[in-house]
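# Structural features, examined
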Amino acid sequence: MGDKGKCVFDDFFEGNKKPALFEDNKYMHENKEVDDNQAKAENEDCDYDHEYTVRKFSTFSRNQSVVDEGQERKSSQSDNIAHPPLFCTAVLGISSTGKTSLCNQFSTCAHVNTFDEVQEEVNRETQLGLEVDGWKCRLHMVDLPGSFSHSLVQRDETCCARLDSYDPVVLLVVFAVDNKRSLEMAWHLLAMLRGEDRLSGKVVVLVANKTDLVRSRVVREAEGKSLAVRFGVIYMETSAGINYNVDELLVRIVEQVKMVSEEEQEVRGKKMSITERIKDLAMRKKSRKRTDKL
């Protein structure tokens, strides 16, 4: 704790030390690496012509509540209609954080039985259509296996290139409140991403999942918030197990994506206006030369 009672992330670890990447890193090899050929085949099988779920939400600023409009429907890329813009969302974190269950819950208003066995060491890609207060977009959800995060913090060139190939606008870094090690991995991921300048201009959310496990919780809310503040990212607590705060997280992502999208459009508009001014000045200069000749 700081002098004024503020939570400092470093102080939550024994000896007041930040988690070191190469200290006690046996867990880096606990999970088997995903077979490259299997992952490649899974990516090739991902057909974006298939149907995807569309969900609609509305928000109320007074109490900051999120309302599911209950208009869940299916849409298809093959439909001869204009589709909303697509933004990639990369989901990072070690296995057993419940991030795959969280992604599954995103796609439906119905409660998904997340206590069923879920294979987390497989790359999963899904598409989700969303409308929040009239603004529409699509999210390409990329749930990357835990082994990918292990390799990423070690700056594996293949993993870095793979992440870049997705060009994610949104980064979800997930840890479980019943797993201290997962919080340390979240620290490593954010540190690596910031060190490589991969957080700039992106929507980044640190997600504390499994908050329903009150008795076995070992990571306090203050710890998670402290880490989020340290890296200047959004912090939210969820539970895919009881569908707590999942829709709120989804809406927060869409709101932030909208903000980033509008800022980019504004910048493009300014660039275009400058170009138009230059062209206008050039045309005026040519007109003056012609007048002088006459």
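## Focus: the overall build of the protein
Regarding its fold elements, the protein presents 7 helices and 9 strands. Within the span of the protein, comprising 294 residues, buried residues form 45% of the whole. Across the protein, contacts joining residues at least 24 apart in sequence account for 73% of those joining residues at least 6 apart. For the protein, the exposed area adds up to about 16700 Å²; of that, 47% sits on carbon and sulfur atoms.

## Let's talk about the state of the cysteines
Cysteine pairs can be linked by a disulfide, which is a covalent bond between their two sulfur atoms. Within this structure, the stated rule accounts for 0 disulfides. Among the cysteines around Cys-160, which has no disulfide bond, Cys-159 carries the closest sulfur, lying 7.1 Å off.

## Let's talk about the nonpolar core
Nonpolar side chains in soluble globular proteins tend to be buried together. With 35 residues, the main nonpolar core has Leu-92, Leu-144, Leu-152, Phe-175, Leu-190, Leu-206 and Leu-227 as its most contacted residues. When contributions to this core are tallied by element, the ones reaching two or more residues are strand 4 (86–92), helix 3 (146–153), helix 4 (157–166), strand 7 (170–176), helix 5 (180–195), strand 8 (203–209) and helix 6 (221–231). The greatest single-element share of this core, amounting to 8 residues, is contributed by helix 5. Counting 30 residues, the second largest nonpolar core, distinct from the first, contains Phe-87, Leu-130, Ala-240 and Val-254.

## Some thoughts on the packing of aromatic side chains
Inspection of the entire model under this criterion finds 2 aromatic pairs. Between the aromatic rings of Trp-187 and Phe-231, the centroid separation amounts to 6.4 Å while the plane-to-plane angle is 75°, which identifies the pairing as edge-to-face. Taken as a pair, Trp-187 in helix 5 and Phe-231 in helix 6 lie far apart in primary sequence, 44 residues in all. Judged on exposure class, the residue Trp-187 and its partner Phe-231 are both buried.

## Let's talk about helix 6
Here helix 6 has its buried residues at Glu-223, Gly-224, Ser-226, Leu-227, Ala-228 and Phe-231. Tucked inside the fold, the buried residues of helix 6 contact strand 7, helix 5, strand 8 and strand 9 (234–237). Looking one or two places after helix 6, you find Gly-232, whose phi comes out positive at around 65°.

## A word on the pairing of strand 5 (residues 124–132)
Within strand 5, 7 of the 9 residues are buried, leaving the element largely enclosed by the surrounding structure. Sheet topology note: the strand 5/strand 6 (residues 135–143) ladder contains 9 bridges and is antiparallel. Among the inter-strand pairings, Leu-128 is bridged to a residue of strand 6, identified as Leu-139. Once strand 5 ends, the chain turns through 2 residues before running back antiparallel as strand 6, passing Asp-133 with a positive phi of about 50°.

## What to know about the pattern of salt bridges
According to the stated counting rule, one finds 8 salt bridges in the structure shown. Among the salt bridges present, the one from Glu-237 reaches Arg-217, with a minimum N-O distance of 2.7 Å. Of the two residues, Glu-237 sits in strand 9 while Arg-217 sits in the loop between strand 8 and helix 6, which places them 20 residues apart along the sequence. Taking relative accessible area as the criterion, Glu-237 reaches 13% and is therefore assigned buried. With a closest N to O distance of 3.9 Å, Arg-220 and Glu-223 form a salt bridge.

## Describing unusual backbone geometry
A positive phi angle is found at Asp-133, which is not glycine, with a value near 50°. Position of Asp-133 relative to the elements: it lies in the loop between strand 5 and strand 6. Despite not being glycine, Asp-197 shows a phi value in the positive range, around 55°. Relative to the helices and strands, Asp-197 resides in the loop between helix 5 and strand 8. Take Asp-197: its relative accessible area is 59%, and that puts it in the exposed class.

Thresholds applied
- Residues numbered from 1 in each chain as written.
- Predicted model: local features only at pLDDT ≥ 70, side-chain atom pairs only at ≥ 80, totals over all residues.
- Heavy atoms only, no water.
- Helix = DSSP H or I, 4+ residues; strand = E, 2+ residues; numbered from the N terminus.
- Buried < 20%, exposed > 50% of the residue type's maximum accessible area, 1.4 Å probe, protein only.
- Contact = heavy atoms within 4.5 Å.
- Areas by Shrake-Rupley, 256 points an atom, 1.4 Å probe, with all protein chains shown as cover.
- Disulfide = S-S within 2.5 Å.
- Core = buried A, V, L, I, M, F, W, Y, C linked by side-chain atoms within 4.5 Å.
- Phe/Tyr/Trp six-rings, centres within 6.5 Å; stacked < 30°, edge-to-face > 60°.
- Pairing = 2+ DSSP bridges.
- Salt bridge = Lys/Arg side-chain N within 4 Å of Asp/Glu carboxyl O.

Bear in mind that shape data such as this cannot, by itself, settle questions of function.
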